[in-house]
Amino acid sequence: MEEIQSQSDLYRSSSSSASSPTSRVPSSHFFYVRKPGSLRQPISFEDSPEWEDTDGDARMEDEAGGGDSINDATTTPNTPSLSKLNSGSMASPPVLDGGGAGTVVRKIAGASIAWKDLTVTMKGKRRYSDKVVKSSNGYAFPGTMTVIMGPAKSGKSTLLRALAGRLPPSAKMYGEVFVNGSKSHMPYGSYGFVERETQLIGSLTVREFLYYSALLQLPGFLCQKRSVVEDAIQAMSLSDYANKLIGGHCYMKGLRSGERRRVSIARELVMRPHILFIDEPLYHLDSVSALLMMVTLKKLASMGCTLVFTIYQSSTEVFGLFDRICLLSNGNTLFFGETLACLQHFSNAGFPCPIMQSPSDHFLRAINTDFDRIIAMCKNWQDDNGDFSAVNMDTAVAIRTLEATYKSSADAASVETMIFRLTEREGTQLKSKGKAGAATRVAVLTWRSLLVMSREWKYYWLRLILYMILTLCIGTLYSGLGHSLSSVATRVAAVFVFVSFASLLGIAGIPSLLKEIKIYRSEVSNQHSGAFVFLLGQFLGSIPFLFLMAISSSLVFYFMVGLRDDFSLLMYFVLNFFMCLLVNEGLMLSIACIWRDVYWSTLTLVSVHVIMMLAAGHFRIRNALPKPVWTYPFAYISFHTYSIQGLLENEYLGEVFAVGEVRSISGFEAIRGNYQISPDTNSKWRNMLVLLAMAFVYRLIVYVLLRFGLNKNVSGRLLLCHRNN
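Quick caveat: nothing in here was measured; it's all calculated off a predicted structure.

(A) Local environment of the environment of Pro169. On the secondary structure map, Pro169 appears in the loop between α6 (156-164) and β4 (171-179). What makes Pro169 exposed here is its relative accessible area of 59%. Separated by 47 residues in the primary sequence, Pro169 and Met122 have C-alpha atoms spaced 9.5 Å apart.

Okay, here's the thing in structure tokens:
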């Protein structure tokens, strides 16, 4: 304790610009100090999306009393009773919308949430301990913003995920989480969770994106879904961007990062959740966008929603908008309570906030151990004011001091008292809001895929152009072959080059498929989609574009090379090549699901296609291939083999070639030395069925990967991406 006291005295003497809380907090020129009378007691809202215009403002101001500190919340007689707090029987004050004075905005029914002795362990997450979050206590009320703040690797996101019930399988949670006084699990639609990085569909407008999200999430009629979409757009201040493409188009710029972040939050608002969890709402935002985001969230909280989110650092203006703060460092709770009470807590511990410094900067400076390395490197540097750092205390000592001060403070006791009051009686149970049916989701995903594919020129239109260029090159290279016996070998080569190279060019669709998988991961994490409906919707949506590529390429190749002039043979050629594209699409989707990376997916597909081309029977006839490896399994799993064999059987079976003037041979005998085909006329249809079966098998593999592989680890993989939290 002598060390802590000496270090505290050293800090006090070095911070000449710091003043005591009694002289600093009431100062009116501090932006983060609230005006008198603006602090209100926490309130809850009725469990109904519809609200009447009441005189709640006056009643809330009367109940507000003199402050909103934790001590006041637990001792003042004006505090709402627990029955009102948990049952949602209190009226909501009307909120004015920007559209005009007196406009009543539809409310969101909030819910109280409290956590007690919450500990999360994760093996290998911490260097010296598996405990990522240690005995955390706290609560959040409807109509308020509760922020979880701390440096990197402090456990912010882990605590947020624990409260939302979204921890990965590798994590274990101890302790209790109460929602409206009950330990029951939050059902579907009762809460929303916004990831730090959310995948949006750039080729849709904001209104279209939110509308399709509403169709995927909500049951009911279309008019009701349009209404909630408009409410979400208004709530997140996106009216000016509602008809703008998210990702832009051609030379038109898309939405900026701030607007994109608000769109991702609006997607969760279409469910009108009671509680909204947001991981880093200010991630990658500049100061202006950050302030606009927090003002928008403050407006959303005033509508009744319970907001809990993480944040790394904020400006003074943003800090003034917070209601409560949970300060973490290395999983330990250093403070929980009102934002102004946090300033008082730091002052009591010997770390008063300097007048010209942002509170959040001051908090993180005191508890972030990374500053120790900077000071160690720059310990010999001096500036005009003396020392390089304004805080001379070792952050490890500061953390221990703050933690010890908080545990013995009245703030910690007030938190425990409030949690006891919130949990001693169960309130209104949250109910599931229902889901859209599987058939509806398939129809929505199919139509959305058609719309996205038609607008995304890199998706299929670029591939169509590449296919036409390739077909024209092959057609001009092999044009004018005639129908003589001497042209058989060249015609076989033309068919082989057409099928093999066209399949290889399909790899250009890998980036678009990876984008679809990312969108699926984003939607399935919030139960907006499923493996089966995603796969079926993607399959049905891709059929028109694949058939367009098949028929356009086949017609050009068929007539330029000069194949047999028969309509039925032409239709088989088109269907065969269409099946080949379907199989190739399934193969690309399965490889993309395995790697989820453009480079490795492309490299793997190129290697697979090269092996399939070598085993297709053109470079060496199939019955002459080495039995192990090349015949079994490469020749039998190569879809090039069945496609080329079917096309050649379609072309040569039933054909007769004259040898001299008196002798003729069948097409089967003519091609036998160049490619192995079957003399059975029904063989080409069997090859077609094999291609259809392969297309089904590849998509079955994708389903297994999505359902049992990707879904199982999606939360764990997303958490591993945020290890610096």
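(B) Structural detail: the environment of Val147. Of note, Val147 is situated in strand β3 (residues 145-149). Using a relative accessible area of 0% as the deciding quantity, one classes Val147 as buried. If we ignore the near neighbours within four places in the chain, the residues touching Val147 are Phe309, Ile311, Phe322, Arg324, Ile325 and Cys326.

(C) Examining the pairing of strand β13 (residues 663-666) more closely. Looking at chain direction, strand β12 (residues 656-659) and β13 are connected through four bridges and run antiparallel. Paired with Ala658 across the two strands is Ser664, which belongs to β13. Two successive antiparallel strands, β12 and β13, enclose a turn made up of three residues, where Gly660 displays a positive phi of approximately 75 degrees.

(D) Representation of the packing of helix α20 (residues 510-525) against helix α22 (residues 567-595). α22 packs onto α20 with a crossing angle of 55 degrees between their chain directions and a minimal axis gap of 10 Å. Of the possible angle classes, the one that applies to α20 and α22 is oblique. At the point where α20 passes α22, the crossing takes the right-handed sense. Residues Ile510, Leu513, Leu514 and Ile517 of α20 touch α22, and the partners they reach there are Glu585, Met588, Leu589, Ala592 and Cys593.

(E) Looking closely at the environment of Asp130. With respect to the helices and strands, the residue Asp130 is situated in the loop between β1 (113-122) and β2 (131-140). On the accessibility criterion, Asp130 (37% relative accessible area) is partly exposed. Remark: the alpha-carbon pair of Asp130 and Val120, spanning ten residues in sequence, is separated by 8.3 Å.

(F) Looking closely at the pattern of salt bridges. Scanning the entire structure with this criterion turns up 15 salt bridges. With a shortest N-O distance of 3.2 Å, Arg166 and Glu195 are connected by a salt bridge. One end of the pair, Arg166, is in the loop between α6 and β4; the other, Glu195, is in the loop between β5 (191-194) and α7 (206-217), and 29 residues separate them in sequence. The partner of Glu338 in a salt bridge is Arg324, with the nearest N and O atoms 3.7 Å apart. Remark: Arg324 occurs in strand β8 (residues 324-329) and Glu338 occurs in strand β9 (residues 332-338); sequence separation between them is 14 residues. The class for Arg324 is buried, based on a relative accessible area of 1%. One salt-bridge network, held together by shared partners, links Arg161, Arg166 and Glu195.

Calculation criteria
- Residues numbered from 1 in each chain as written.
- Predicted model: local features only at pLDDT ≥ 70, side-chain atom pairs only at ≥ 80, totals over all residues.
- Heavy atoms only, no water.
- Helix = DSSP H or I, 4+ residues; strand = E, 2+ residues; numbered from the N terminus.
- Buried < 20%, exposed > 50% of the residue type's maximum accessible area, 1.4 Å probe, protein only.
- Contact = heavy atoms within 4.5 Å.
- Pairing = 2+ DSSP bridges.
- Axes fitted to C-alpha atoms, helices over the stretch in contact; angles between N-to-C directions.
- Parallel < 35°, antiparallel > 145°, perpendicular 65-115°, else oblique.
- Left-handed = near helix turned anticlockwise from the far one by under 90°.
- Salt bridge = Lys/Arg side-chain N within 4 Å of Asp/Glu carboxyl O.

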